[in-house]
Amino acid sequence: MDILVVGGGGREHAIIRKLKESPRCGTLHCAPGNGGIACDAQCHDVAATDIDGMVALARRLRVDLVFVAPDDPLVAGMVDALEAAGIPAFGPHANAAVLEGSKVFSKDLMKRYGIPTAEYEVFDQPEKALAYVKAKGRYPAVIKADGLALGKGVILCDNYEEARQAVKSLMEDKVFGASGSRVVVEEFLTGPEVSVLAFTDGKTVKPMVSAKDHKRAFDGDAGPNTGGMGTVSPNPYYGEKEADWCMEHIFQPTVDAMAKEGRPFRGCLFFGLMLTPDGPRVIEYNCRFGDPETQVVLPRLKTDLLDILDAIREQRLAELSIDWIDEACACVVMASGGYPGSYKKGLPIEGLNRDGQLSESDITVFHAGTKKEGDSFLTNGGRVLGVTATAATLEEALDAAYGAAGGIRFENAHYRRDIGRVE
Ligand code: AMP
Ligand code: GLY
């Protein structure tokens, strides 16, 4: 099978590496890809959000499958467009990707079907949202843009003034455009966060091994939110008891609810959970593999990923047994100095071989924001590399990943020293 993967970050690199392990995998393509992905697949200069361009590329390459990884093209209907052109695609249709595309949709779905989540109200008028925040008088107040906002649409406000600013920037200044036309104001929850990605064919749901993301930029969970500064799998807070409870009260009910709504979800459904003192709650749904969760989850997958993708498209996931290795996995993200704010690009990366990896090492370096120039690599994004290790214990995996990260250098490189070690 020749396959085109849509996207160009660390997640896509991890997906490509896993697909490459399949004996049935033919030529791998990626659009747009990045410097490291170019060592594993043929990269094409088509933007991940360019639906017409991607359909044309898939046709021209005559691929057997397109794997759409990022949220924007899924929400915008890339899978629908590919299928309409007769090209098999992996990922949810737009009417199911709305689970990530609209927080109002997902919150209302959870309310209607009794799926545990934070209490909330929806507003389309700034004054009403603020009147509600004031009347509640509870801080932090959580204010969320309805639509996609580059992962920055959730604002935690410590007082009324901050809430006023948040509502102004989302609803009046429209910093995220139409995404801020409506906002969700919700209850602030506490507890460890868990990411659970799950394969689903619209009926059956099979959760993958759990992961923990570290979203804040600096050690000790300080600083601004980022796309994710590192991950570990399994999540140390998530045991069998939590998994069983979530299966019964969250995972299966969500998949059933979407089917009942006439929006069967086929693809990877990401549950962002918080283990509150009152039990697990859904913080958010994503309609795709997480980044950088994928970088620690897929290396643990034993079953052929292509067999799973086939089973999902043919809606026979129930028949397939999915196996995982028992080892732990850790990913340390090396970012550009300044990220998630502004940063320099085009800085040479030292310590990688011509394949973008470390020679004679069990470490995998997933490339997130790099560019290849001759035999060397340059920084080309905020998150640059995900240095990833698998080992018998989490401690060993972390030691190995940190040992390897120490040998990779670029100007102003920044990475957290406490991945897998906080709380
Ligand atoms: P999201 O962009 O939806 O992943 O949210 C970003 C982060 O905001 C989450 O990972 C949580 O840490 C935090 N967050 C979102 N909703 C809540 C909530 N209701 N209570 C506390 N923290 C929240
Ligand atoms: N790491 C969180 C996400 O992919 O949204």
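Thresholds applied
Residues numbered from 1 in each chain as written. Chains lettered and ligands numbered in written order. Predicted model: local features only at pLDDT ≥ 70, side-chain atom pairs only at ≥ 80, totals over all residues. Heavy atoms only, no water. Helix = DSSP H or I, 4+ residues; strand = E, 2+ residues; numbered from the N terminus. Rg over C-alpha atoms; globule rule 2.2 N^0.38 Å. Buried < 20%, exposed > 50% of the residue type's maximum accessible area, 1.4 Å probe, protein only. Near = heavy atom within 4 Å. Polar contact = N/O pair within 3.5 Å; in protein donor to acceptor, adjacent residues only side chain to side chain. Nonpolar A, V, L, I, M, F, W, Y, C, P; charged D, E, K, R; others polar. Contact = heavy atoms within 4.5 Å.

> Just checking my understanding: could you explain the overall build of the protein for this structure?
What the protein contains, in helices and strands, is 12 helices and 23 strands. The C-alpha radius of gyration computed for the protein amounts to 21 Å, which stays within 12% of the reference 22 Å derived for 423 residues, consistent with globular compactness. Taking the principal axes of the C-alpha coordinates as reference, the protein spans close to 60 × 45 × 45 Å. Out of the 423 residues in the protein, the part that is buried amounts to 56%.

> Where do I start with the site of ligand 2 in this structure?
The environment of ligand 2 is formed by D213, G227, F270, N286, R288, G290, D291, P292 and E293. The side chain of D213 places a nitrogen or oxygen atom 2.9 Å from a nitrogen atom of ligand 2. Residue composition of the shell around ligand 2, grouped by class: two nonpolar, three polar and four charged.

> What am I meant to see in helix α5 (residues 94–101) here?
The periodicity of an α-helix, 3.6 residues per turn, causes residues three or four positions apart to be oriented the same way. The buried fraction of α5 amounts to six of the eight residues, a majority that puts the element mostly inside the structure. Three or more residues of α5 are buried, namely A96, A97, V98, L99, E100 and G101. Those residues of α5 that are buried are in contact with α3 (71–75), α6 (103–113), α9 (240–260), β16 (266–276) and β17 (279–286).

> Help me understand unusual backbone geometry in this model?
The general pattern is negative phi for most residues beyond glycine and trans for most peptide bonds. The omega angle of the peptide bond from D291 to P292 is 15°, so this bond is cis rather than trans. Mapped onto the elements of the fold, P292 is located in the loop between β17 and α10 (294–297). Residue P340 is reached from Y339 by a cis peptide bond, and omega for that bond is 10°. Among the structural elements, P340 can be located in the loop between β18 (328–335) and β19 (348–349). Positive phi, normally seen in glycine, also occurs at Q315, with a value near 50°. Although it is not a glycine, E360 sits at a positive phi angle of roughly 45°. You can see E360 is positioned in the loop between β19 and β20 (364–367).

> I tried to follow the environment of A14 on my own but got confused; where do I start?
With respect to the helices and strands, the residue A14 is situated in helix α1 (residues 10–20). On the accessibility criterion, A14 (3% relative accessible area) is buried. Separated by 270 residues in sequence, A14 and E284 have C-alpha atoms that sit 23 Å apart. Residues contacting A14, with those up to four places away along its chain left out, are T294, Q295, L298 and F366.

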